[in-house]
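Survey of secondary and tertiary structure
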Amino acid sequence: MREPELFELLFKGLTLEEPLARMRVAYAVSKVALERPDLLQPYKERFLDRLLDPDNSHLARACMLQAMRTLTLDKEDIELLVDTLKDFLFSESSIVKTLSLQLLADFAAKDEGLRKDVLPLLWAARESGTPAMRARARKLLKRYHL
């Protein structure tokens, strides 16, 4: 981002009423976060709140899930997110399901206690998920040599 001081203004767009505008802002925030994670990190708590907003479109949520991978999260943040991500596995959107599965696997890679909960989800996704989920689950299970 050429003008990082404008990130706050961009971030405020995640509260717009218009779903299409909010989705476009979520896309822009995710693109900036992928290049400059340091810009999103100070907004972590508000970003997590925005992710949980039930009024988000599937596309906005997918963009936000991609940006989540750039954040440094503490144990409390992850505990809050795990249940939400499990709920997102029942989304109508294949991309939201797949990105949620990816984040759960990322968290489980760093937390052996969580791994026992996530591995069955990966197996289930590999067997009966959408095509994208099956492919991602196969890739993620290789991480555990399964």
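Here the structure is a predicted model, which means the values were calculated and not measured.

Another aspect to go through is the overall build of the protein chain. Regarding its fold elements, the protein chain presents nine helices and zero strands. In terms of C-alpha radius of gyration, the protein chain reaches 15 Å, essentially the compact-globule figure of 15 Å for 146 residues. Taken along the three principal axes of its C-alpha coordinates, the protein chain extends 45 × 30 × 25 Å. Counted over contacts in the protein chain with a minimum sequence separation of 6, partners at least 24 positions apart contribute 58%. Of the roughly 8,300 Å² of accessible surface on the protein chain, a fraction of 54% belongs to carbon and sulfur atoms. For the protein chain, the separation between the mean place of its 24 positive charges and that of its 23 negative charges on side chains is 8 Å.

This part is about the pattern of salt bridges. Taken as a whole, this structure holds 10 salt bridges when the rule is applied. Here K44 and E45 are joined by a salt bridge, their closest N and O atoms 3.6 Å apart. Given a relative accessible area of 12%, K44 falls into the buried group. When the shortest N-O distance is used, the salt bridge between E127 and R126 registers 3.0 Å. Since its relative accessible area comes to 27%, R126 is described here as partly exposed. Linked by salt bridges that have partners in common, K44, E45, D74 and D77 make up one network.

So, on to the environment of S100. With respect to the secondary-structure elements, S100 resides in helix α7 (residues 94-110). Put simply, S100 and V82 are 18 residues apart on the chain and 9.1 Å apart in space, counted from C-alpha to C-alpha. Aside from chain neighbours lying at most four places away, what touches S100 is L65, L85, F88 and L89.

Next up on the list: the packing of aromatic side chains. Summed over all chains, the structure comprises four aromatic pairs. The interplanar angle of 40° and the centroid separation of 6.3 Å between the aromatic rings of F7 and F11 together place this pair among those described as tilted. Of this pair, F7 and F11 both sit in helix α1 (residues 7-12), separated by four residues, roughly a single helical turn. You'll find F7 and F11 in the same group, each marked buried.

The rules behind these values
- Residues numbered from 1 in each chain as written.
- Predicted model: local features only at pLDDT ≥ 70, side-chain atom pairs only at ≥ 80, totals over all residues.
- Heavy atoms only, no water.
- Helix = DSSP H or I, 4+ residues; strand = E, 2+ residues; numbered from the N terminus.
- Rg over C-alpha atoms; globule rule 2.2 N^0.38 Å.
- Contact = heavy atoms within 4.5 Å.
- Areas by Shrake-Rupley, 256 points an atom, 1.4 Å probe, with all protein chains shown as cover.
- Lys, Arg positive; Asp, Glu negative; His and termini not counted.
- Charge placed at Lys NZ, Arg CZ, Asp CG, Glu CD.
- Salt bridge = Lys/Arg side-chain N within 4 Å of Asp/Glu carboxyl O.
- Buried < 20%, exposed > 50% of the residue type's maximum accessible area, 1.4 Å probe, protein only.
- Phe/Tyr/Trp six-rings, centres within 6.5 Å; stacked < 30°, edge-to-face > 60°.

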